[in-house]
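# Analysis of the macromolecular model
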Amino acid sequence: MAGGNERSMKALKEVWKRAENSLCADCGKPDPDWASSTLGVFICLSCSGIHRNIPSVSKVKSLKMDHWDDAQVQFLAKHGNAVTKAIYEAHIPIYYYQPTYNDCQVLREQWIRAKYERKEFTEPGKQLPYSDGVKEGILWKRGRDNGQFLPRKFLLSEREGCLKYFTKQDAKEPKINVKIDVINATFQPEKIGNPNGLQITYLKDNKTRNIFVYHESGKEVVEWFNAIRSVQFHYLKVAFPIASDNEIKNRLTRNFLKEGYMEKTGPKQREAFKKRWFTLDHRRLMYFKDPLDAFAKGEVFVGSGENGYSVQKGLPSGTQGNFSWHYGITIVTPDREYLFTCETETDQLEWIRAFTSVINQAMTPQEYASKSLDAVSFPS
């Protein structure tokens, strides 16, 4: 920390050391070492870059390298993360997704702008663009066969409990009409190749279908994401009237537990291993030839340990299929074993951790009902 007198430095360190300021005010990352001299919050380096893009609202400085004068230190001491959050996060809708430092840039930026620039959460009952139960607009959707992104009209309706999209602006019938309770949405900027890329998945005939979309406006695509969560929340409140708000919140959109390439073999375990893209979406393990495929080539249900499921490091001795990657994983189910190989030991351990986290969770009644997916084998 350069410059400043000894008294200011000591006072700054004391404020900085408060428990409330030990995590970034915006993403929760530990040990923030930047702060906003106009908002009074302690933030991480990554979030400080977003604050720097809204200079009319926030002026940021390094706690280690910049000079803080007495007045600025006193402002930080008077505010801090707890006081400022009480103002700017006073009325966040329960369904609104609050990103962490593991989330993508567009989610974190729009969260920060929503709080401090647009002040969306400072007043009770404020009408928000994603809260009125209907959203209609254009999203750029990837074509299933040609991979081209083309503008498509989407309509989200709480009253109808569904999401639709139309191939033409004036089309009377939608291309799809999906019930809101079978939809998931997760940001996938790297996979889609656009910083505002959103993957929407839904179940059709007990199989997962993927739609990949984006919007040029980060604000607009995050509003679509939270509008989906809003409609889902109100739909589930009606469907499960005795469930608590937090129980319903936990059933809204979710990030995938793990994605990436592994090699797999067929059910006879004598076929050559083939490289495929895998997605673990809670208890559904799906594989695709390409990360942007609309449909999974196969999927399997991953149940709990008490129901006979386990994950093991390595492959069974005597495995006959040819494989080029040597870090094996065996998923044991009541009916058969599924064999995979990973390119690196790091990948292997990350996949094992993800499978273990699922297997260690008790199954819900709804998951018992969907257990029939376990009969779906991975073809070669």
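Numbers given to residues run from 1 along each chain, matching the order in which its sequence is written. pLDDT decides what is reported in this predicted model: residues at 70 or higher carry local features, side-chain atom pairs at 80 or more are listed and counted, and totals for whole chains, interfaces and linings draw on all residues regardless. In computing side-chain properties, one takes all heavy atoms of the structure into account and sets aside hydrogens as well as water.

Helix and strand labels come from DSSP, where a helix needs a run of H or I of at least four residues and a strand needs a run of E of at least two; each type is numbered from the N terminus. When helices and strands are tallied, the protein chain shows 10 helices and 17 strands. Each principal axis of the C-alpha distribution contributes one length, and for the protein chain these read about 75 × 55 × 45 Å. Between buried and exposed lies partly exposed: a residue is buried under 20% and exposed over 50% of the maximum accessible area for its type, with that area taken using a 1.4 Å probe on protein chains only. Residues counted as buried form 49% of the 380 residues belonging to the protein chain. Restricting to contacts in the protein chain with at least 6 residues of sequence separation, those with at least 24 account for 54%. Throughout, a contact is declared for two residues whenever any of their heavy atoms are within 4.5 Å.

For each structure, a 1 Å grid was placed over the protein atoms alone; sets of points admitting a 1.4 Å probe that cannot get out are labelled cavities, open sets with protein on both sides within 12 Å along at least five of seven lines are labelled pockets, and lining residues have an atom within 4 Å of a point. Grid points are joined across faces, edges and corners, and a volume is the space filled by probe spheres set on the points. In this structure, the largest pocket spans a volume of roughly 1400 Å³. What lines the largest pocket is a set of 41 residues, among which Asn-250, Arg-251, Arg-254, His-282 and Glu-367 lie closest to the centre. Residue type decides the class: Asp, Glu, Lys and Arg count as charged, Ala, Val, Leu, Ile, Met, Phe, Trp, Tyr, Cys and Pro as nonpolar, and the leftover types, Gly among them, as polar. When grouped by side-chain class, the residues that make up the lining of the largest pocket number 16 nonpolar, 16 polar and nine charged. By volume, the second largest pocket is sized at about 500 Å³. The wall of the second largest pocket is formed by 16 residues, among which Asn-102, Phe-187, Gln-188, Phe-256 and Glu-259 lie closest to the centre. Elements supplying a minimum of two residues to the lining of the second largest pocket: strand 8 (183-187), helix 6 (189-192) and strand 11 (258-264). Here the element with the most residues in the lining of the second largest pocket is helix 6; it accounts for three residues. Counted by class, the lining of the second largest pocket contains seven nonpolar, four polar and five charged residues.

Once that is clear, we can look at the environment of Cys-44. Turning to its location among the elements, Cys-44 is positioned in the loop between strand 2 (42-43) and helix 2 (45-52). Exposure remark for Cys-44: the relative accessible area of 6% places this residue in the buried category. Expressed as a C-alpha distance, the spacing of Cys-44 and Ile-192, which sit 148 residues apart in the sequence, is 27 Å. Residues in contact with Cys-44, not counting those within four places in the same chain, are Cys-24, Cys-27, Lys-29, Pro-32 and Trp-34.

What follows concerns the side chain of Ser-304. Of note, Ser-304 is situated in the loop between strand 14 (298-301) and strand 15 (310-313). For Ser-304, a relative accessible area of 1% corresponds to the buried category. Among the polar contacts listed, one links the side chain of Ser-304 to the side chain of Asn-307, at a separation of 2.7 Å. Polar contacts here mean pairs of N or O atoms no more than 3.5 Å apart (in protein, one a potential hydrogen donor and the other a potential acceptor; neighbouring residues in sequence count only if both atoms are side-chain atoms).

For two strands to count as paired, DSSP must find a minimum of two bridges between them. The three strands are arranged 2-1-3 in an open sheet whose pairing can be described as antiparallel. At either margin of the open sheet sits one strand with a lone partner, and together these are strand 2 and strand 3 (60-62). Bridge analysis of strand 1 (residues 34-36) against strand 3 gives three bridges, and the strand direction is antiparallel. Counterpart to Ala-35 in the pairing with strand 3 is Lys-61.

We now examine the domain arrangement of the protein chain. As far as domains go, the protein chain holds domain 1 (1-117), domain 2 (134-250) and domain 3 (258-377). Start and end points for every domain follow an automatic or database-based domain assignment. Between the C-alpha centres of domain 1 and domain 2 the distance comes to 33 Å. Listed per partner, the contact involves eight residues of domain 1 and 17 residues of domain 2. Buried area: the sum, over both parts, of the accessible surface (1.4 Å probe) that disappears when the two are put together. Summed over both sides, the interface of domain 1 with domain 2 buries roughly 1100 Å², with 74% coming from carbon and sulfur. Together, Ile-94, Tyr-95 and Val-106 form the three largest contributors to the area buried by domain 1 at its contact with domain 2, with a combined 55%. Put simply, a salt bridge is a Lys or Arg side-chain nitrogen that is within 4 Å of an Asp or Glu carboxyl oxygen. Taken together, domain 1 and domain 2 are joined by zero salt bridges. Partitioning the side of domain 1 that touches domain 2 into residue classes produces seven nonpolar, one polar and no charged.

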